[in-house]
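Residue-level structural notes
So the chains spell out like this:
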Amino acid sequence: MDTRQLEYFAAVAAEGNFTRAAERVFAAQSTVSAGIQSLERELGLPLFERDAHGVRLTDVGEAVLPEARAALEAVERMRELADRGGPLRGTVRVGIFTNLTTVDLPGIMGEFHRRHPGVDLRLGPSPSGSTGLVEDVRQGRLDIAFHGLPDAVPDLLTRPLVESPFLAVLPEAHPLAGRTAVSLADLAGEPWVDARPGFGNRVTLDRAFSALGLTRRVPTELSDLGEIPRFVSSGLGVAALPELTIIPAPGAVVRPLREPVDWRLSAIARARPGRAAEALLTLLAERIGGA
């Protein structure tokens, strides 16, 4: 048994697919398959069920996976301890929000690269928003991710970054657009444009409505928050978004909410991140939290 076999195992478990796992570990699919088969022979039991519907962990695979991940993390920590005084190296996989245009993410990543040129960065969003990003960190698919859910994630390391108030977004011809502020009760009966379920802003806003005993209808859902004001301006409905995420759109106006609703942005990582991930977490807190 070697660490490469464990890496293949963890990658297939995380991706649920041999092709994507091979891309993730920069190996041929045949090499990954052979490594998994060798590991299964050594353990004497199958780790995956393979059929036309995909790849799923067996009961043995479910039991073994946490130990395999722990072994890989231990090996990585050993390497880092042995190289404690040297420059940072490796790859940090980061889950991002594509709509955070008010945060200079390219500038932050550029600064990180200048400080640590030996570290490669892999950035990308999740179609499930914060919920998907949290699960990607849990499953080892990401090292760090942005997180906008209202509740803490107790099994992951969390670095609070910034809070942003929700603002109402209305078509400029809407009867409420002339007010200096609007309430959630004013908007409850309107059709809404919002993020898909699982996005942190959607969860936070749904909770605010529930606390007031209100319900709403969301006939238009998007996975890109930055596009929501444009859809509002076309007359599809109203919206409320964290100020930090709002991209102005012609034909849409922004008004304060009478009830204060705040969105909290954090960065999350595994409980014991590597040196490179820890360095990026620190920089994010400095540049966003200190802004």
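This one's a predicted model, so the numbers in the text were calculated from it and none came from an experiment.

Conventions used here
Residues numbered from 1 in each chain as written. Predicted model: local features only at pLDDT ≥ 70, side-chain atom pairs only at ≥ 80, totals over all residues. Heavy atoms only, no water. Helix = DSSP H or I, 4+ residues; strand = E, 2+ residues; numbered from the N terminus. Expected span 1.5 Å × (residues − 1). Polar contact = N/O pair within 3.5 Å; in protein donor to acceptor, adjacent residues only side chain to side chain. pLDDT = per-residue confidence, 0-100. Axes fitted to C-alpha atoms, helices over the stretch in contact; angles between N-to-C directions. Parallel < 35°, antiparallel > 145°, perpendicular 65-115°, else oblique. Contact = heavy atoms within 4.5 Å. Nonpolar A, V, L, I, M, F, W, Y, C, P; charged D, E, K, R; others polar. Salt bridge = Lys/Arg side-chain N within 4 Å of Asp/Glu carboxyl O. Buried < 20%, exposed > 50% of the residue type's maximum accessible area, 1.4 Å probe, protein only. 1 Å grid on protein atoms, 1.4 Å probe; cavity = no way out; pocket = protein on both sides within 12 Å on 5 of 7 lines; lining within 4 Å. Points joined across faces, edges and corners; volume = space filled by probe spheres on them. Left-handed = near helix turned anticlockwise from the far one by under 90°.

Along its 13 residues, helix α1 (residues 3-15) runs 18 Å from first to last C-alpha, staying within 8% of the 18 Å computed at 1.5 Å per residue. A side-chain oxygen of the first residue of α1 lies 3.0 Å from the backbone nitrogen of Arg4; this N-cap is Asp2.

With that out of the way, let us pick up the confidence of the model for the protein chain. Overall, the predicted model of the protein chain reaches an average pLDDT of 90, with 97% of residues at or above 70. For the protein chain, per-element mean pLDDT is lowest for helix α4 (residues 59-82), which scores 83, and highest for strand β10 (residues 252-256), which scores 97.

Below, the discussion takes up the packing of α1 against helix α3 (residues 29-43). Look at α1 against α3: their axes get within 9 Å of each other, and the N-to-C directions meet at 105°. Of the possible angle classes, the one that applies to α1 and α3 is roughly perpendicular. Judged by residue contacts, Gln5, Leu6, Tyr8, Phe9 and Val12 of α1 engage Thr31, Val32, Gly35, Ile36, Ser38, Leu39 and Glu42 from α3. Residues that form the contact of α1 with α3 fall into these classes: seven nonpolar, four polar and one charged.

Turning our attention to the pattern of salt bridges. A complete count under the given rule lists 23 salt bridges for this structure. One salt bridge in this structure joins Arg115 and Glu286, with 3.7 Å as the shortest N-O distance. Placement of Arg115 in helix α5 (residues 105-115) and of Glu286 in helix α10 (residues 275-289) is noted, with a sequence separation of 171 residues between them. The partly exposed category is assigned to Arg115, whose relative accessible area is 43%. Assessed through its relative accessible area of 44%, Glu286 is described here as partly exposed. Note that Asp186 and Arg179 form a salt bridge whose closest N and O atoms lie 3.0 Å from each other. For Asp186, a relative accessible area of 28% gives the class partly exposed. Here the salt bridges do not stand alone but share partners, grouping Asp194, Arg202, Asp206, Arg216 and Glu221 into one network.

For the rest of this paragraph, the subject is the environment of Glu40. Tracing the backbone shows Glu40 in helix α3. Separated by 164 residues in the primary sequence, Glu40 and Thr204 have C-alpha atoms spaced 44 Å apart. Sequence-distant contacts of Glu40, that is, excluding residues within four places in its chain, are made with Leu45, Pro46, Leu47, Phe48 and Arg50.

Its boundaries defined by the atoms lining it, the second largest pocket holds a volume of some 180 Å³. Lining the second largest pocket we find 16 residues, and of these Phe97, Asn99, Gly129, Phe199 and Ser223 sit closest to its centre. Contributions of two or more residues to the lining of the second largest pocket are made by α6 (129-138) and α8 (200-211). Residue classes in the lining of the second largest pocket are distributed as seven nonpolar, nine polar and no charged.

On to the packing of α5 against α10. Taken N-terminus to C-terminus, the directions of α5 and α10 make an angle of 135°; their axes are 10 Å apart at the nearest point. Considered as vectors, α5 and α10 are oriented oblique to each other. Judged by the twist between their axes, the crossing of α5 over α10 is right-handed. Residue-level inspection shows Leu105, Gly107, Ile108, Met109, Glu111, Phe112 and Arg115 of α5 in contact with α10, the latter providing Ala276, Ala279, Leu280, Leu283, Leu284, Glu286, Arg287 and Ile288. When the residues that make up the contact of α5 with α10 are grouped by side-chain class, the tally is ten nonpolar, one polar and four charged.

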